Every structure is written in structure tokens, then in C-alpha cells.
Amino acid sequence: MPEFTSVINKDEIQRQVSRVAATISKDYQGRELVLIGVLKGAFLFLADLARQLKLEKVKIDFLQASSYGADIVSSETIVLKKDIDIDIHGKDVLVVEDIVDTGLTLAHLINHLAGFGPKSIKVCTMIDKSERRQAAIDVDYACLTVEKGFLVGYGLDYAENYRNLPEIYHMKL
Ligand code: IMP
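The model shown is predicted, which means the values in this text are computed figures rather than measured ones.

Asks: Explanation requested: the sheet that holds strand 5 (residues 92-100) in the structure shown.
Replies: Picture the strands of a sheet paired through backbone hydrogen bonds; they go either parallel or antiparallel. Pairing within the open sheet is mixed, and its 6 strands lie in the order 4-3-2-5-6-7. Either end of the sheet is taken by a strand with one partner, and the two such strands are strand 4 (78-82) and strand 7 (141-146). Strand-to-strand twist of the sheet, defined as the mean angle between neighbouring strand axes without regard to direction, takes the value 30 degrees. Looking at chain direction, strand 3 (residues 58-67) and strand 4 are connected through 4 bridges and run antiparallel. Bridge pairing in strand 4 links Ser67 to Ile78. Against the sheet, helix 1 (residues 10-27) engages strand 2 (33-39), strand 5, strand 6 (120-129) and strand 7, with an angle of about 140 degrees to strand 7.

Have a look at this one:
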């Protein structure tokens, strides 16, 4: 049986989401913002974050990436499974991730989104996991920073399980 240790509880998640939403609302005041959630893991975070933004015009879209080659992961092994539908040319874009680990997924997605010619691209993640970072990614907004460990819950999965847990746990197999 895996062992679960709570990392951040429900109330603290909501406090952190409110804090980040307030900063984003201030930074994008008077501007239109396109939130792009990275499926599947960011679905709960994006839902909570979006509802707390105090901005007049917010559009929402999703991307999905999958990485192939379990042993060596590089940005080239990441394949886009679902692209955005909204035209982001000339728009301010905020990519919303569940967790940034090596950063290779985000590097690939940012590169892809940059091809559409947006005015700006920034990154917001629920969790910034720093130890294994390989890509030089600027994380502009993060609710929580951890060094390492495998986390599940609040959108994060292990073999597609545990995404529905209302708080985030460290999982030890
Ligand atoms: P990266 O390309 O290494 O930054 O990986 C990012 C993706 O790997 C995330 O969007 C998650 O889907 C997955 N991932 C990385 N660390 C964890 C974790 O601790 N728990 C669950 N999924 C994770």
C-alpha cells in the first residue's frame, strides 16, 4: 500500500489560490487574459483560480501534452495531444500548470504557443518542484514551492488515480 502524507490541506490551497489570483488580477488589470490550462492535471486548479480573478475579460482554453520514452525525457519526446481552439495572436496568455518538474513539458508548450504570436506568455503553476529542473523556465506565479517528491491529489495523479482528492499528498510507494 502506498503511504500518503499531507503536503497542503484544503484551506491552505484556497488561501494560496486567492493570493495568486489577487496578484494576477492586479498585474493584468484592464487587460484581456487568456488562461490556457494544461490537461489533465490543471483542471481543478484552473477552475478555482479562474473563479477568483477580478478581471473583466477572461478566456479559457486547454492544451494536452504527453511524453513518450519513459527513460529519457526531453522536450523532443513531448507530443501535443490536444491543441488550443482560441486565436491567441496579439493576446496576453497565462499557461496554467499543475506542477512544473523538469520544466521540459512547459518549455515545449511555450515554444508551441509562441508560434501563434501572442503579445505575452506567462506561467502560473500550483506547484513549483525545483530539484529536477532542466529547462530554463520562468515560473511567474506559484502557489507552493517544493524541492522534490511525488505528489498526488487536487488534479495530480498516479496512474490516473487520486486526481479527485481535495488536498495534496506526498506519495511514497
Ligand atoms: P515536467 O515536464 O518534468 O516539468 O513534468 C510536468 C508534468 O509531469 C506535470 O504536468 C505532471 O503531469 C507530471 N508530474 C511531475 N511531477 C509530478 C508529481 O509529483 N505528481 C504527479 N505528476 C507529476
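Moving on, there is more to tell.
Asks: How should the sheet that holds strand 8 (residues 151-152) be read in this particular structure?
Replies: Here we have 3 strands laid out as an open sheet, ordered 1-9-8, and antiparallel in their pairing. Either end of the sheet is taken by a strand with one partner, and the two such strands are strand 1 (3-8) and strand 8. Bridge analysis of strand 1 against strand 9 (residues 168-172) gives 5 bridges, and the strand direction is antiparallel. Looking at strand 9, one finds that Glu3 is bridged to Lys172.

Asks: Help me understand the nonpolar core, please; the structure alone is not making it clear to me.
Replies: As a rule of thumb, soluble globular proteins bury nonpolar side chains together. With 29 residues, the main nonpolar core has Ile24, Phe45, Leu49, Met126, Ile127 and Ile168 as its most contacted residues. Mapped by element, the contributors of at least two residues to this core are helix 1, strand 2, helix 2 (43-52), strand 5, strand 6 and strand 7. Broken down by element, the residue count for this core peaks at 5 residues, all from helix 1. The contacts of Ile168, once residues within four sequence positions are left out, are Thr5, Ser6, Val7, Ile8, Ile13, Met126, Ile127, Leu151, Val152, Gly153, Tyr154 and Leu156. Counting 18 residues, the second largest nonpolar core, distinct from the first, contains Val38, Ala65, Val93 and Val100.

Asks: Any chance you could explain the site of the ligand here in plain terms?
Replies: Around the ligand, the structure places 15 residues, and the nearest of them are Asp101, Thr102, Gly103, Thr105 and Leu151. Between the ligand and Thr102 there is a distance of 2.5 Å, counted from an oxygen atom to a side-chain nitrogen or oxygen. Lys129 has a polar side-chain atom sitting 2.9 Å from an oxygen atom of the ligand. Contact with the protein chains covers 81% of the free accessible surface of the ligand, which is 490 Å². Taken together, the elements giving at least two residues each to the shell around the ligand come down to strand 5 and helix 3 (104-114).

Asks: I tried to follow the packing of aromatic side chains on my own but got confused; where do I start?
Replies: Here the distance between the centres and the angle between the planes together describe a pair of aromatic rings. For the coordinates displayed, the defined rule picks out 3 aromatic pairs. Consider the rings of Phe4 and Tyr162, whose centres lie 5.1 Å apart with planes at 70 degrees: the pair is edge-to-face. In this pair, Phe4 sits in strand 1 while Tyr162 sits in the loop between strand 8 and strand 9, placing the two residues 158 residues apart along the sequence. Residue class for Phe4 comes out partly exposed when judged on its relative accessible area of 33%. Seen from their ring centres, Phe150 and Tyr158 are 6.0 Å apart, and the 80 degrees between their planes marks the pair as edge-to-face. The exposure class assigned to Phe150 is partly exposed, which follows from its relative accessible area of 39%. Grouping aromatic residues by their ring pairs yields a cluster made of Phe4, Tyr162 and Tyr169.

Thresholds applied
Residues numbered from 1 in each chain as written. Predicted model: local features only at pLDDT ≥ 70, side-chain atom pairs only at ≥ 80, totals over all residues. Heavy atoms only, no water. Pairing = 2+ DSSP bridges. Helix = DSSP H or I, 4+ residues; strand = E, 2+ residues; numbered from the N terminus. Axes fitted to C-alpha atoms, helices over the stretch in contact; angles between N-to-C directions. Contact = heavy atoms within 4.5 Å. Core = buried A, V, L, I, M, F, W, Y, C linked by side-chain atoms within 4.5 Å. Buried < 20%, exposed > 50% of the residue type's maximum accessible area, 1.4 Å probe, protein only. Near = heavy atom within 4 Å. Polar contact = N/O pair within 3.5 Å; in protein donor to acceptor, adjacent residues only side chain to side chain. Areas by Shrake-Rupley, 256 points an atom, 1.4 Å probe, with all protein chains shown as cover. Phe/Tyr/Trp six-rings, centres within 6.5 Å; stacked < 30°, edge-to-face > 60°.

That's the geometry; what it means functionally is another story.
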